[in-house]
Every structure is written in C-alpha cells, then in structure tokens.
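# Understanding the architecture of this molecule
Now for the letters of each chain:
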Amino acid sequence: MNTFLKVSKLIPQLKHMRPFYQLLSTSSASCKYISEPDYIKYTKPLVPVYELLNIQIKAYDFTVLEHFAKYVHKVACNMDIEVRNAWATPQQSWKVTNHEPGTTKVSTEYSINKYERNIQIVKLPAYCATTFFEIIQSSLPVGVFVSVHPHEEHHEEIRYIPDYELLVLKKQLEELTTTEDPKK
C-alpha cells in the first residue's frame, strides 16, 4: 500500500485536531494563543527598560576609535540589545602652539583632532545594563572616553555639518523676496 494512501486515510480521523497556526490569533498586533486568558499578561514580571540611550565614544586616535565602536556594536548585538542607529559626528580640530620660554616665538605647533562615534540603543533591560556597561568599561582602550546618556534633541543636531553656501543662497533669496514685496 502506498504511503500517500495511508496518510489520506488518517486525515479524516484527525479533523478534530487544529493545526498549530490556527491556534494563533489572526491579528498582527497581538500574537497570543486564542485560549490564553487576559489576566496572563499581568502575571509576567515587569522589568524596567531604558528606552533610548546614546553611547558616546570619543578619542584622539581615529583607528582605535573605529575598532572600539565596532566592538561595542558587536557586543550589543550579541547580547540581543537592539541597536537603532550608529553615527559619526564631525571631528573637532585644535591647533596647539608651544612657545620658547620668555618669548612669543613659536617653537612647535601641533594639530589635534578629536573624533566621536555614537551608538544608539533601544529598550535596554535593566538586568542587562550593568553587564553591558561593565563589558564596555573593562575593554576600554587607552585614550578612549565613553559616556552613556539618554538621547536628547541636541545630540541629533550635532551630527550634521552646516552647508554655508546653502545658507548664503537662502539669505540672498530672502533679500530678493523682501525687495520685491514693496513693489506690490
């Protein structure tokens, strides 16, 4: 006897059993069993969650900074922490001059660049936070500075470089439109 025929004979006998996919509700908003009572959601322990955090990494050495930022991102992904965004901000540059003693003559001149990377994480559970931050702190290279803080609007604005040519053109456009208004 053919196995197809054996299975087809069993199907009418198994009609009273529902397949697993039919046990799930059809709405995409909630994915729970139909037979699950409503009070079950109140029995689950409530875990405090950090909503939106920025891990800000700064260093003077670009290569070390890039490797450490990649490492932090990898650790977050391995711990099942959702990384929403990662970005670089423009470098900050300073010129440092060293003068000869008692004179204004410059003996040496240095150019110092400070680089920054940000990693934004979402819904970090409180029980994972201490372990995650200890891993980051214990593997921190020399010359790299890390700060963790809640996300604010000015963190978003810092990452963009202003386009001065565009600002000048907008100003010229405003001047042209204001000079045309008195004629009307």
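The model shown is predicted, which means the values in this text are computed figures rather than measured ones. (Residues numbered from 1 in each chain as written. Predicted model: local features only at pLDDT ≥ 70, side-chain atom pairs only at ≥ 80, totals over all residues. Heavy atoms only, no water.)

### Things to note about the nonpolar core
A general feature of soluble globular proteins is that nonpolar side chains tend to end up buried together. The condition is simple: Within this scheme, the nonpolar core is defined by two criteria: the residues are buried Ala, Val, Leu, Ile, Met, Phe, Trp, Tyr or Cys, and they are joined through side-chain atoms within 4.5 Å. Categorising residues by exposure relies on relative accessible area from a 1.4 Å probe, with only protein chains included: less than 20% of the type maximum marks a residue as buried, more than 50% marks it as exposed, and the intermediate range marks it as partly exposed. Strands are runs of DSSP state E lasting at least 2 residues, helices are runs of H or I lasting at least 4, and numbering of each runs from the N terminus.
With 20 residues, the main nonpolar core has Ile 55, Ile 57, Val 72, Ile 121, Leu 124 and Phe 132 as its most contacted residues. Elements with a contribution of two residues or more to this core: strand 1 (49–59), helix 4 (62–78), strand 3 (106–125) and helix 5 (126–138). Per-element accounting of this core gives the leading share, six residues, to helix 4.

### Side note on the confidence of the model for the protein
Note the threshold: One confidence number per residue, pLDDT, is output by the predictor and ranges from 0 to 100. Pairs of residues are marked as contacts when any of their non-hydrogen atoms sit within 4.5 Å.
Of the residues in the protein, 74% have a pLDDT of 70 or more, and the chain-wide mean is 79. Model confidence for the protein, summarised as mean pLDDT per element, is weakest for helix 2 (residues 20–23) at 44 and strongest for helix 4 at 94. Every residue in residues 3–8 is under pLDDT 50, and counting partners more than four places away or in other chains gives one contact. pLDDT under 50 marks residues 13–33. Its contacts with residues more than four places away, or in other chains, come to 16 contacts.

### Regarding the packing of helix 4 against helix 5
Applicable threshold: Structural elements are reduced to axes, namely lines fitted to C-alpha atoms, with helices fitted over the stretch in contact, and the angle between N-to-C directions of any two is expressed from 0 to 180 degrees. The scheme is simple: roughly parallel for angles under 35 degrees, roughly antiparallel for over 145, roughly perpendicular for 65 to 115, oblique for anything else. Take the far helix as your reference; a near helix turned counterclockwise from it by less than a right angle gives a left-handed crossing, and one turned clockwise gives a right-handed crossing.
At their nearest, the axes of helix 4 and helix 5 sit 11 Å apart, and the two run at 155° to each other. Taken together, helix 4 and helix 5 sit at an angle that is classed as roughly antiparallel. Where helix 4 crosses over helix 5, the two elements pack in a sense that is right-handed. Listed contacts from helix 5 to Phe 68, Tyr 71, Val 72, Val 75 and Ala 76 of helix 4 are Phe 132, Ile 135 and Ile 136.

### Regarding empty space enclosed by the protein
Stated formally: Cavities and pockets are found on a 1 Å grid laid over the protein atoms alone: a cavity is a set of points where a 1.4 Å probe fits but cannot escape, a pocket is an open set with protein on both sides within 12 Å along at least five of seven lines, and a lining residue has an atom within 4 Å of such a point. Grid points are joined across faces, edges and corners, and a volume is the space filled by probe spheres set on the points. Just so you know the grouping, Ala, Val, Leu, Ile, Met, Phe, Trp, Tyr, Cys and Pro go in nonpolar, Asp, Glu, Lys and Arg go in charged, and all remaining residues, Gly too, go in polar.
What the rule picks out here adds up to one cavity of 30 Å³ or more. There is about 40 Å³ of room inside the largest cavity. Taken together, Lys 58, Thr 89, Pro 90, Gln 92, Lys 114, Tyr 115 and Glu 116 make up the full set of residues lining the largest cavity. Breaking the lining of the largest cavity down by element, the ones donating at least two residues are strand 2 (82–99) and strand 3. Along the lines of polarity and charge, the residues of the lining of the largest cavity split into two nonpolar, two polar and three charged.

### Quick word on the pattern of salt bridges
Which entries qualify depends on this criterion: Salt bridge criterion: a side-chain nitrogen from Lys or Arg within 4 Å of a carboxyl oxygen from Asp or Glu.
Within the structure shown, the criterion is met by one salt bridge. Between Arg 117 and Glu 66 there is a salt bridge whose closest N-O contact spans 2.5 Å. Of this pair, Arg 117 sits in strand 3 while Glu 66 is found in helix 4, placing the two residues 51 residues apart along the sequence. For Arg 117, a relative accessible area of 12% corresponds to the buried category. You can call Glu 66 partly exposed: its relative accessible area is 31%.

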